[in-house]
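Single-letter residue listing:
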Amino acid sequence: MAAYISGEKAAFRELFQRYTPLLQRAMARDLRSPEEANDLVQQTFLHLHRSRNDFEPGRKLKPWIFTIALNLKREYFRRSKRRHETSLDDERTAEPFEGPRGQERSDAARETARALAALPAEHREVIELHWFGGLSFPEVAEAVGSTVAAVKVRAHRGYVALRARLGDDSPNPDQLEVKPSTEGLH
């Protein structure tokens, strides 16, 4: 980013090649078509170009660019919500970019996408950024303008709800409370 700010045009191409696949996956969720996701990715890079001089040296680029992308996605949904609403059961909901891997896998992916789409926005957003976008929790916190602890709580609640929607009610091993045995203490 520093090279791009200083005027190296090749640096922009490198940024575009590096971040486009990550942004496309993040944008494709909840959208009706890959073209809409591509439009939002293009807009993200346009905003990056326009605000390149606002980027603070020493900051991480990934959360900054995802913040731009998320803000554009939120604005897109605000505008489209005013026009019309789409059912969460709509078969045209965007799937993650992946090649064919068998009917069972695509059925599971479709079911997971529906369950994810049904989550509250604040839970879905942090899961998408962390799990699908590959951002660390501190990066997610920076991107959504929250604390790391709050982001972890949102992610945890989202994962619990996601497991419940997908029919996996088994307890998470990390959440099991281990009670010390009281046998032999009397």
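Scroll up for the structure.
My aim in this report is to walk through the structure given alongside it, one point at a time. Given the structure is predicted, the values throughout are model-derived calculations rather than measurements. As a convention, each chain's residues are numbered from 1 in the sequence order in which they are written. Totals for whole chains, interfaces and linings use every residue, but because this is a predicted model, local features are given only for residues with pLDDT of at least 70 and side-chain atom pairs only at 80 or more, for both listing and counting. To get the side-chain values, all heavy atoms of the structure are used, and hydrogens and water are removed first.

Residues belong to one nonpolar core when they are buried, are Ala, Val, Leu, Ile, Met, Phe, Trp, Tyr or Cys, and are joined through side-chain atoms within 4.5 Å. A simple rule labels every residue: compare its accessible area, found with a 1.4 Å probe on the protein chains alone, to the largest value its type can have, and call it buried under 20%, exposed over 50%, or partly exposed in between. Core analysis: the biggest nonpolar cluster contains 36 residues, and Met1, Tyr19, Leu23, Leu61 and Phe66 have the highest contact counts within it. Numbered from the N terminus, helices here are DSSP runs of H or I no shorter than four residues, and strands are runs of E no shorter than two. If you list the elements that add at least two residues to this core, you get helix H2 (9-28), helix H3 (34-50), helix H4 (61-83), helix H6 (121-132), helix H7 (137-144) and helix H8 (148-165). Looking at this core, the element that brings in the most residues is H4, giving nine residues. Domain borders in the structure are assigned automatically or taken from a domain database. Split by domain, the residues of this core number at least three in each of domain 1 (1-82) and domain 2 (106-186). In this analysis, two residues are considered to be in contact whenever any of their non-hydrogen atoms come within 4.5 Å of each other. Sequence-distant contacts of Tyr19, that is, excluding residues within four places in its chain, are made with Phe45, Leu61, Lys62 and Ile65. The next biggest cluster of nonpolar side chains, apart from the first, holds five residues, and it includes Ala115, Leu116, Leu119 and Leu162.

In this section: the pattern of salt bridges. Criterion for a salt bridge: a side-chain nitrogen of Lys or Arg within 4 Å of a carboxyl oxygen of Asp or Glu. Taken as a whole, this structure holds seven salt bridges when the rule is applied. The closest approach of N and O atoms between Arg59 and Glu142, which form a salt bridge, is 2.6 Å. Residue Arg59 is located in the loop between H3 and H4, and its partner Glu142 is located in helix H7; the two are separated by 83 residues in the primary sequence. The class of Arg59 is partly exposed, set by a relative accessible area of 31%. According to the relative accessible area criterion, Glu142 is partly exposed, its value standing at 35%.

Before going further, it helps to examine the packing of aromatic side chains. Pairing of aromatic side chains requires ring centres within 6.5 Å, counting the rings of Phe and Tyr and the six-membered ring of Trp. Pairs whose planes differ by under 30 degrees are stacked, by over 60 edge-to-face, and all others tilted. In total, this model carries six aromatic pairs according to the counting rule given. Considering the side-chain rings of Phe16 and Phe45, the 4.7 Å spacing of their centres and the 55° angle between planes classify their relative orientation as tilted. Taken together, the residues Phe16 in helix H2 and Phe45 in helix H3 connect sequence positions 29 residues apart. Classification of Phe45 by relative accessible area gives buried; the value is 3%. Connected via pairs of aromatic rings, a cluster forms that spans Tyr4, Phe12, Phe16 and Phe45.

It is worth spelling out the environment of Ala155 at this point. Tracing the chain through its elements places Ala155 in helix H8. A residue is classified by how much of its surface remains accessible, and Ala155, at 1% relative accessible area, is buried. Considering only alpha carbons, one finds Ala155 and Trp131, 24 residues apart in sequence, at a separation of 9.6 Å. Excluding residues within four positions of it along the chain, Ala155 makes contact with Val126, Ile127 and Phe137.

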